[in-house]
Amino acid sequence: MPAPSPLPLDPIAEAHRQWTAHGWGDVADGMAAVTSLMRAQQIMLARVEETLKPTGLTFSRYELLTLLTFTKNGALPMAKASARLQVHPTSVTNAVDRLEAAGYVRRTPHPSDRRTTLVEITEAGRTLAVDATEKLNEQVFSKPGLSKERLTSLVRILAELRRTAGDFEDIGSSPAW
């Protein structure tokens, strides 16, 4: 599907102008920031989903597979996967259902806690995760549309926003960027 033609003006800048004209100037910057973030998320998700389409993965399933490849033994309790991915347990269950049906993960009982189910990546899942990561690295992550300096600033700003929203605790560790 070809990319749409660029608009002749920035609709968010126009919305900012309208917000100000309608007496909401004190919150116009906030509206523009939130709307810009939402639009940027749509743009990035579309790029990621287009890249992943040939693999049959959605981004959420890709994230789960990749998370499992980062673990010592390729398995995590489903509740821990949900917490690390910052999604509702139902979302993880849905992703596991789809990935399990395709042969990329399997559910296994926890060796010491009968109440806990582990999700474990299969060799096919590991191969797919690596292949998908290579595609994303080449087609999306290597060219996000900003210079290295601007990316560093953006990541720091977004980390600040996430931290103040309660997304994670700042334990004084210095980020890699």
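Residues numbered from 1 in each chain as written. Predicted model: local features only at pLDDT ≥ 70, side-chain atom pairs only at ≥ 80, totals over all residues. Heavy atoms only, no water.

1. Examining the nonpolar core
Burial of nonpolar side chains together is a common tendency in soluble globular proteins.
Phase 1 of the analysis: Grouped together as the largest cluster of nonpolar side chains are 24 residues, with contacts concentrated most on L57, L64, L65, L68, V96 and V105.
Phase 2 of the analysis: Where this core is concerned, the elements lending two or more residues are α2 (25-52), α3 (59-69), α4 (78-85), α5 (89-101), β3 (117-121) and α6 (123-141).
Phase 3 of the analysis: The contact partners of L65, leaving out residues within four places of it in the chain, are L57, L99, Y104, V105, I121, G125, L128 and A129. (Core = buried A, V, L, I, M, F, W, Y, C linked by side-chain atoms within 4.5 Å. Buried < 20%, exposed > 50% of the residue type's maximum accessible area, 1.4 Å probe, protein only. Helix = DSSP H or I, 4+ residues; strand = E, 2+ residues; numbered from the N terminus. Contact = heavy atoms within 4.5 Å.)

2. Quick notes on the packing of aromatic side chains
Phase 1 of the analysis: Taken as a whole and judged by the stated rule, the model has two aromatic pairs.
Phase 2 of the analysis: Ring centres of F59 and Y62 lie 6.0 Å apart, and the angle between their planes is 25°; this geometry places the pair in the stacked category. One end of the pair, F59, and the other, Y62, are both in helix α3, three residues apart, so they sit about a helical turn from each other.
Phase 3 of the analysis: F59 sits in the partly exposed class, given a relative accessible area of 24%.
Phase 4 of the analysis: We classify Y62 as buried; its relative accessible area is 6%. (Phe/Tyr/Trp six-rings, centres within 6.5 Å; stacked < 30°, edge-to-face > 60°.)

3. Describing the layout of surface pockets
Phase 1 of the analysis: Reported here for the largest pocket is a volume of approximately 1900 Å³.
Phase 2 of the analysis: Residue lining of the largest pocket: 43 residues in total, with M44, L154, V155, L158 and R162 positioned closest to the centre.
Phase 3 of the analysis: Elements that contribute at least two residues to the lining of the largest pocket include exactly α2, α3, α4, α5, α6 and α7 (148-164).
Phase 4 of the analysis: With 12 residues, the top contributor of residues to the lining of the largest pocket is α7.
Phase 5 of the analysis: Looking at the lining of the largest pocket, its residues break down into 27 nonpolar, nine polar and seven charged. (1 Å grid on protein atoms, 1.4 Å probe; cavity = no way out; pocket = protein on both sides within 12 Å on 5 of 7 lines; lining within 4 Å. Points joined across faces, edges and corners; volume = space filled by probe spheres on them. Nonpolar A, V, L, I, M, F, W, Y, C, P; charged D, E, K, R; others polar.)

4. Looking at the packing of α3 against α6
Phase 1 of the analysis: α6 packs onto α3 with a crossing angle of 110° between their chain directions and a minimal axis gap of 9 Å. Taken together, the axis directions place α3 and α6 in an arrangement best described as roughly perpendicular. The hand of the α3/α6 crossing is left-handed. Listed contacts from α6 to Y62, L65, T66 and T69 of α3 are G125, R126, L128, A129, A132, T133 and L136.
Phase 2 of the analysis: A breakdown of the residues in the contact of α3 with α6 according to their chemical character gives six nonpolar, four polar and one charged. (Axes fitted to C-alpha atoms, helices over the stretch in contact; angles between N-to-C directions. Parallel < 35°, antiparallel > 145°, perpendicular 65-115°, else oblique. Left-handed = near helix turned anticlockwise from the far one by under 90°.)

5. Description of the sheet that holds strand β1 (residues 75-77)
Phase 1 of the analysis: Here three strands make up an open sheet; going across it, the order is β1-β3-β2 and the pairing antiparallel. Because the sheet does not close on itself, it has two edges, and the strands there are β1 and β2 (105-109). Taken over all neighbouring pairs, the strand axes of this sheet differ in orientation by 30° on average, direction set aside.
Phase 2 of the analysis: Strand contacts of α5: β2 and β3, with the helix running at about 115° to β2, the strand carrying the most contacts. (Pairing = 2+ DSSP bridges.)

6. A look at a nonpolar patch on the surface
Phase 1 of the analysis: Residues W19, W24 and V27 make up a contiguous nonpolar surface patch of roughly 290 Å² in combined accessible area.
Phase 2 of the analysis: Turning to its location among the elements, W19 is positioned in helix α1 (residues 11-21). (Patch = residues over 30% accessible without salt bridge, like charges linked within 9 Å, V, L, I, M, F, W, Y side chains within 5 Å. Areas by Shrake-Rupley, 256 points an atom, 1.4 Å probe, with all protein chains shown as cover. Salt bridge = Lys/Arg side-chain N within 4 Å of Asp/Glu carboxyl O.)

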